[in-house]
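Here is what each chain is made of, one letter per residue.
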Amino acid sequence: MKLTRAFWQTYKETPSDAEIPSHQLMMRAGLIHKVGAGLYTYLPMGYRTIRKIEQIVREEMDRANCQELLMPMVTPGELWQESGRWDKMGALMLTFKDKGERDLCLSPTNEETVTDVFRKTIKSYKDLPVTLYQINTKFRDEIRPRFGLMRGREFTMKDAYSFHMDKPCLDQVYADLYRAYENCFRRMGLEFTVVEADGGAMASADSQTHEFQVVADSGEDQIIYCAETGYAANIEKARTKRADFKPLMTQAPMKEIATPDRKTIEDVCTYLKTEQAHSLKSLVYKAITGQVEKTVLVLLLGDDSLNEIKLSAYLKADHLAPLADHELTKAGFLKGFIGPHGLTQKDLVVIYDQAVAMDSAFVVGANKTDLHFENFIPNRDASYKDQADLRLAKEGDLTIEGSKKVSVRRGIEVGHIFQLGDKYTKALSVKILDKNGKQAVPLMGCYGIGITRVAAAAIEQNHDEKGIIWPASIAPYHVYFALIGKDPEILAFADKIYQELQEQKIEVVFDDRNVGPGFKFKDADLLGLPLQLVLGERDFKEDGMLEIRERKSGLVHKIKPEEASAKIKSLLASL
RNA sequence: CGGAGCGUAGCGCAGCUUGGUAGCGCAUCUGCUUUGGGAGCAGAGGGUCGUAGGUUCAAAUCCUAUCGCUCCGACCA
């Protein structure tokens, strides 16, 4: 590509609405253009990277015996009504009607669509297993799109779906796809961790699910990680043991104590000169299961946080949310002074976290304005004593089986694989004849990669103060060829080199623009192609040499013009 | 949806408090000079100040409504 013929504009200034490096750099380097909230045009330079990521994924999926197809982005509402997700998806799914008043939606995912084509095509166990995938646009009307391509509303996703007669077969294909995913991200040059994840609404209880997380400080997800045991899990899923809790053993009776206007754990404990772990945090949630709504009081050690996923799973709730201030008041709770003793609410569910030592003494809210209790001992003073694992894992916890410490990392979820079981095949009444001629419900797995998110994640992980540092496999081009000089002779010479590189199938951007050297170097660094080839009129007249710079290391190689393509090829192979 | 903030040229911003000719930097265009780290000089184009009402002789500025965008929370590839 010659830049004098290119649709490409870079920017010195960072757009004010871009918060994280990948978003800022993609905007500044002219890779994407914002069209609306969470909606982006992939500009020519950026789209090349998207296509390269797609291609790597495509090759690895094909190698894992998957077949590519393409499903429509608009799908009929009746499919979603059949699976029950028309209502469950809520506002995330953008729905509308066609001119015949039929319900339609922009597909946020495609379990229904793929299951439908499967059930109408496959009738025999002999045709299983089979795995279908597509690389397609998804639309999710995220409540809060942000961070550019990291969480767009419209985005490109590779989604794959496997079908099986039995669990061992599902396990086998799941393992194959797991390896295919590792290959994908390895080929893309990303540092990633595979973590145990929470299936959420997607999967049944005994099924496996893993997330592929690109390690990056700006990641939205937290990963609990233990280097010694190799344990890695999303914080939502992580099961750990609390460390360093010393119970407060006393026989002293529970007593009211004035805590005027101290409403937070921090304030109360500072005021009473108590460790936060020797107080109990009281949280009130509403949990909706089917038609039933329950109010739940959760008690945690003062310096622990609630894992809502765990609570939701424990309660088998369809929907879980903390009570808003006005709901608390309405339900008779005094915000800031809520506690487990002296409650008058009917049908209240009270649960203590497992880390709460029931014989230890705690400071708790007294359910009276400006009052707390001291020396509340659950086993002695509480009327409800149910316990469950509800706390959010944190830095310094121990692994569940005992002794090793875990730490917290941040990650960007670029891939997620699930064993769906029979959730969708059952919902959509899929029947396959097994070898006894009996009808059976097949099992499914599903496997997603956020293609456009991968591009953002790659930049999060590979950039410096000057710009992007693309891994070679997903860089828009491999070489940025900058001509420094304007003499017609040197221009003609540079053009010859450019032609030759092209003939050698080297992906090269030729900066033949009539701008200063600094301008070209800045653009080259910003765009971040792995190699920069520089033909400088001044130096070339002196020694007849060109330079190749490695973007990542800054290493410079002096070469003769005729060595250019060979050297570039060997450097690319070594990167 | 709850909380916070911002809408003025393609981008980054000033002007608004105290109403009175719409400005600066970058980018873009023209000419000359310049070519190893975002060049210099001279000139040029580009804005119904988000939108709609209202107050006023007069509104970017004050008031009301509305839309859009961004950030913090529950969602997710």
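Keep in mind the model is a prediction, meaning the values are calculated, not measured.

1. Concerning the pairing of strand β32 (residues 546–550)
1) Next: Judged by how many residues are buried, β32 sits mostly within the fold: four of five residues are covered.
2) Next: Looking at chain direction, strand β31 (residues 531–536) and β32 are connected through four bridges and run antiparallel. Considered in β32, the bridge of Gln532 is made with Arg549.
3) Next: Two successive antiparallel strands, β32 and strand β33 (residues 556–559), enclose a turn made up of five residues, where Gly554 displays a positive phi of approximately 80°.

2. Thoughts on the protein's contact with RNA strand B
1) Next: Every one of the 51 residues lining RNA strand B counts as a neighbour, but Arg140, Glu142, Arg144, Asp525 and Arg549 are closest to it.
2) Next: Backbone atoms, meaning sugar plus phosphate, form 45% of the atoms of RNA strand B positioned within 4 Å of the protein.
3) Next: At 2.9 Å from a base nitrogen of RNA strand B is found a side-chain nitrogen or oxygen belonging to Arg151.
4) Next: Glu547 is positioned with one of its side-chain polar atoms (N or O) 2.7 Å from a base nitrogen of RNA strand B.
5) Next: Breaking the surface near RNA strand B down by element, the ones donating at least two residues are β8 (154–164), β23 (407–421), α14 (517–527), β31, α15 (537–543) and β32.
6) Next: Counting residues per element, the surface near RNA strand B draws most heavily on α14, which supplies eight residues.
7) Next: Along the lines of polarity and charge, the residues of the surface near RNA strand B split into 17 nonpolar, 12 polar and 22 charged.

3. Some details on the domain arrangement of chain A
1) Next: In terms of domains, chain A is made up of domain 1 (18–239 + 409–460), domain 2 (255–388) and domain 3 (477–574).
2) Next: In this structure, domain 1 and domain 3 have C-alpha centres spaced 40 Å apart.
3) Next: On the side of domain 3, six residues touch domain 1, which itself brings seven residues to the contact.
4) Next: Across the domain 1/domain 3 interface, buried area totals approximately 580 Å², and carbon plus sulfur atoms make up 66% of it.
5) Next: Where domain 1 meets domain 3, there are two salt bridges.
6) Next: Among the salt bridges present, the one from Glu507 reaches Lys52, with a minimum N-O distance of 2.6 Å.

4. Here's the deal with the environment of Leu501
1) Next: Within the secondary structure, Leu501 sits in helix α13 (residues 488–503).
2) Next: Between the alpha carbons of Leu501 and Ser565 there is a distance of 5.9 Å; along the sequence they are 64 residues apart.
3) Next: Apart from residues lying up to four places away in sequence, Leu501 is in contact with Ile506, Val508, Leu533, Ala564, Ser565 and Ile568.

5. What about the pairing of β31?
1) Next: Among the six residues that make up β31, six are buried, leaving the element largely enclosed by the rest of the structure.
2) Next: The side-chain alternation of β31 yields two buried faces, one formed by Leu531, Leu533 and Leu535 and the other by Gln532, Val534 and Gly536.

6. Considerations on unusual backbone geometry
1) Next: The omega torsion across Leu128 and Pro129 is 0°, close enough to zero to call that bond cis.
2) Next: Relative to the helices and strands, Pro129 is located in the loop between α5 (111–119) and β7 (130–139).
3) Next: Residue Glu101 is not a glycine yet carries a positive backbone phi of 65°.
4) Next: Of note in the backbone geometry, Asn375 takes a positive phi value of approximately 60° without being a glycine.
5) Next: Relative to the helices and strands, Asn375 resides in strand β20 (residues 371–376).

7. Topic: the nonpolar core
1) Next: Core analysis: the biggest nonpolar cluster contains 63 residues, and Leu31, Tyr181, Phe185, Met188, Tyr447 and Tyr480 have the highest contact counts within it.
2) Next: For this core, the element with the most residues is helix α6 (residues 167–187), which contributes eight residues.
3) Next: Taken domain by domain, this core gets at least three of its residues from each of domain 1 (18–239 + 409–460) and domain 3 (477–574).
4) Next: Residues contacting Tyr181, with those up to four places away along its chain left out, are Met61, Lys158, Phe212, Gly415, His416, Ile417, Tyr447, Gly448 and Ile449.
5) Next: The next biggest cluster of nonpolar side chains, apart from the first, holds 24 residues, and it includes Ala277, Val284, Leu299 and Leu301.

What counts, and where the lines are drawn
- Residues numbered from 1 in each chain as written.
- Chains lettered and ligands numbered in written order.
- Predicted model: local features only at pLDDT ≥ 70, side-chain atom pairs only at ≥ 80, totals over all residues.
- Heavy atoms only, no water.
- Buried < 20%, exposed > 50% of the residue type's maximum accessible area, 1.4 Å probe, protein only.
- Helix = DSSP H or I, 4+ residues; strand = E, 2+ residues; numbered from the N terminus.
- Pairing = 2+ DSSP bridges.
- Near = heavy atom within 4 Å.
- Polar contact = N/O pair within 3.5 Å; in protein donor to acceptor, adjacent residues only side chain to side chain.
- Nonpolar A, V, L, I, M, F, W, Y, C, P; charged D, E, K, R; others polar.
- Domains from an automatic or database assignment.
- Contact = heavy atoms within 4.5 Å.
- Buried area = accessible area lost by both parts, 1.4 Å probe.
- Salt bridge = Lys/Arg side-chain N within 4 Å of Asp/Glu carboxyl O.
- Core = buried A, V, L, I, M, F, W, Y, C linked by side-chain atoms within 4.5 Å.

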